[in-house]
Amino acid sequence: MFYNLLKYVLLGPLLRLVFRPRIEGLEHVPASGPAIVAGNHLSFSDHFLMPAVLKRRITFLAKAEYFTGPGLKGRLTAAFFRSAGQIPVDRSGKDAGQAAIREGLGVLGEDELLGIYPEGTRSHDGRLYKGKVGVAVMALRAGVPVVPCAMIGTFEAQPPGRKLPRVHPVTIRFGEPLDFSRYAGMENEKAILRAVTDEIMYAILSLSGQEYVDRYAADVKAARAAEEVRSKRPFRRLPLS
């Protein structure tokens, strides 16, 4: 109920009024039945702009940190994300990927739309990064189509670190559904999962026009953070012998 209140009364109309997003290919999103919408992830605003333009409810897998913040602000944030159709997923530990897959398959089992960002995290520089194979596992196990989606302009509207978005032209572009039924029963084969994921990422790339980086975004972020730490270490003068 609160999802519809946000979408049609409170947040949705405001987002459409402020950003006036240009919507392309909306007819490619199935009117009924389960499907995965796989998109690039450039901004915090992506979580709300895409649902605002879709005719159907869509549920996203969101990082658990959005639901575990301390104090009143943390509780309000958690309540907001749950009301907006987000499912918390703990991305730490060796079982994190399996937990996300279970949650995603549960959504698809209810004949709903599942929103996924295959990169696993927001792009820190506007480029498109290598996709993780969880999206392929869910698509093959559930036997559902994957609709590629490109968010364009949201990085400029709300880049990392910016709390409130600025007004900037935004385009949300949906591509033709990808059918992977030819790989039915092969969801445990690593080469197949990689091929399916790469096909999805190529479709997103074709829609977005981003520069592609064949590395995981999380690895690039970690390497960048480590380099920043090293660069801030004080120079130690060696003692003279």
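Look a little higher up for the structure.
None of these values were measured; they are calculated from a predicted model. (Residues numbered from 1 in each chain as written. Predicted model: local features only at pLDDT ≥ 70, side-chain atom pairs only at ≥ 80, totals over all residues. Heavy atoms only, no water.)

> Would you mind showing me how to read the overall build of the protein chain here?
Along the protein chain, the regular secondary structure elements total 8 helices and 9 strands. A separation of at least 24 residues holds for 78% of the contacts in the protein chain among residues at least 6 apart in sequence. (Helix = DSSP H or I, 4+ residues; strand = E, 2+ residues; numbered from the N terminus. Contact = heavy atoms within 4.5 Å.)

> Even after reading the chapter, I still don't get the sheet that holds strand β4 (residues 86-89), so can you show me in this structure?
The pairing of strands in a sheet comes from backbone hydrogen bonds and takes either a parallel or an antiparallel form. The 7 strands are arranged β1-β8-β7-β2-β5-β3-β4 in an open sheet whose pairing can be described as mixed. Since the sheet does not close on itself, it has two edges, and those belong to β1 (22-24) and β4, each with one partner. Averaged over neighbouring strand pairs, the angle between their axes works out to 25° when direction is ignored. Inspection of the sheet shows strand β2 (residues 35-39) paired to strand β5 (residues 113-116) by 4 bridges, in the parallel sense. What sits directly across from alanine 38, in β5, is isoleucine 116. Packing of helix α7 (residues 190-208) onto the sheet brings it into contact with β2, β7 (146-152) and β8 (171-174), and relative to β7 it is tilted by some 35°. (Pairing = 2+ DSSP bridges. Axes fitted to C-alpha atoms, helices over the stretch in contact; angles between N-to-C directions.)

> Just checking my understanding: could you explain the environment of glycine 39 for this structure?
Within the secondary structure, glycine 39 sits in strand β2. Using a relative accessible area of 1% as the deciding quantity, one classes glycine 39 as buried. Beyond its immediate stretch of four places on either side in the chain, glycine 39 contacts Ile116, Tyr117, Pro118, Cys149 and Ile204. (Buried < 20%, exposed > 50% of the residue type's maximum accessible area, 1.4 Å probe, protein only.)

> Which parts of the structure should I look at to understand a nonpolar patch on the surface?
A surface patch of nonpolar side chains, amounting to about 370 Å² of accessible area, comprises Leu14, Leu17, Val18 and Val167. Summarising the element assignment, leucine 17 is placed in helix α1 (residues 2-19). (Patch = residues over 30% accessible without salt bridge, like charges linked within 9 Å, V, L, I, M, F, W, Y side chains within 5 Å. Areas by Shrake-Rupley, 256 points an atom, 1.4 Å probe, with all protein chains shown as cover. Salt bridge = Lys/Arg side-chain N within 4 Å of Asp/Glu carboxyl O.)

> I keep staring at helix α5 (residues 134-142) and nothing clicks. Help me out?
Residues that lie three or four places apart on an α-helix share one face, since the helix turns once every 3.6 residues. For α5, the full list of buried residues reads Val135, Ala136, Val137, Met138, Ala139 and Leu140. Immediately beyond the C-terminal end of α5, within one or two residues, lies glycine 143, with a positive phi of roughly 65°.

> Would you take a moment to explain the packing of aromatic side chains for this structure?
In this description, an aromatic ring pair is defined by two values, namely the gap between the centres and the angle between the planes. Under the definition given, this model contains 2 aromatic pairs. Relative to phenylalanine 48, the ring of phenylalanine 44 has its centre 5.5 Å away and its plane inclined at 65°; by these criteria the two rings are edge-to-face. When the ring of phenylalanine 60 is compared with that of tyrosine 117, the centres are 5.3 Å apart and the planes differ by 20°; the resulting orientation is stacked. In this pair, phenylalanine 60 sits in strand β3 (residues 58-63) while tyrosine 117 sits in the loop between β5 and β6 (128-129), placing the two residues 57 residues apart along the sequence. For the pair formed by phenylalanine 60 and tyrosine 117, the shared burial category is buried. (Phe/Tyr/Trp six-rings, centres within 6.5 Å; stacked < 30°, edge-to-face > 60°.)

> What exactly am I supposed to notice about the nonpolar core here?
Side chains that are nonpolar tend, in soluble globular proteins, to be buried together. Membership of the largest hydrophobic core comes to 30 residues, with the highest contact counts inside it found for Ile36, Leu114, Val146, Phe180 and Ile200. Those elements that provide at least two residues to this core are β2, β4, α4 (96-109), β5, α5 and α7. Broken down by element, the residue count for this core peaks at 7 residues, all from α7. If near-sequence neighbours (up to four positions away) are discounted, valine 146 is found in contact with Ile36, Ala38, Ala139, Glu176, Pro177, Leu178, Phe180 and Ile200. Grouped together as the second largest cluster of nonpolar side chains are 26 residues, Val37, Val147, Met151 and Ile172 included. (Core = buried A, V, L, I, M, F, W, Y, C linked by side-chain atoms within 4.5 Å.)

> What am I meant to see in the packing of α5 against α7 here?
A pair of packed helices is characterised by two quantities: the angle between their axes and the separation of those axes. Between α5 and α7, the least distance of the axes is 8 Å, while the angle of their chain directions is 105°. The orientation of α5 with respect to α7, classified from their angle, is roughly perpendicular. The residues of α7 that touch α5, namely those facing Val135, Ala136, Val137 and Leu140, are Ile192, Leu193, Val196, Thr197 and Ile200. By residue class, the composition of the contact of α5 with α7 is 8 nonpolar, 1 polar and no charged. (Parallel < 35°, antiparallel > 145°, perpendicular 65-115°, else oblique. Nonpolar A, V, L, I, M, F, W, Y, C, P; charged D, E, K, R; others polar.)

> Is there a simple way to explain the pattern of salt bridges in this structure?
Note that side chains of opposite charge can pair when their charged atoms are close. One pass over the structure, following the stated rule, counts 7 salt bridges. Within this structure, Arg22, Glu24 and Arg173 form a network of salt bridges that share partners.

> So what exactly am I meant to see when it comes to the environment of leucine 207 here?
Along the polypeptide, leucine 207 turns up in helix α7. The class for leucine 207 is buried, based on a relative accessible area of 15%. Linking leucine 207 and arginine 173, residues 34 residues apart in sequence, is a C-alpha distance of 6.7 Å.

> How do you make sense of unusual backbone geometry when you look at a structure like this?
The general pattern is negative phi for most residues beyond glycine and trans for most peptide bonds. Phi is positive for aspartate 111, which is not a glycine, with a value near 65°. Structurally, the position occupied by aspartate 111 is in the loop between α4 and β5.

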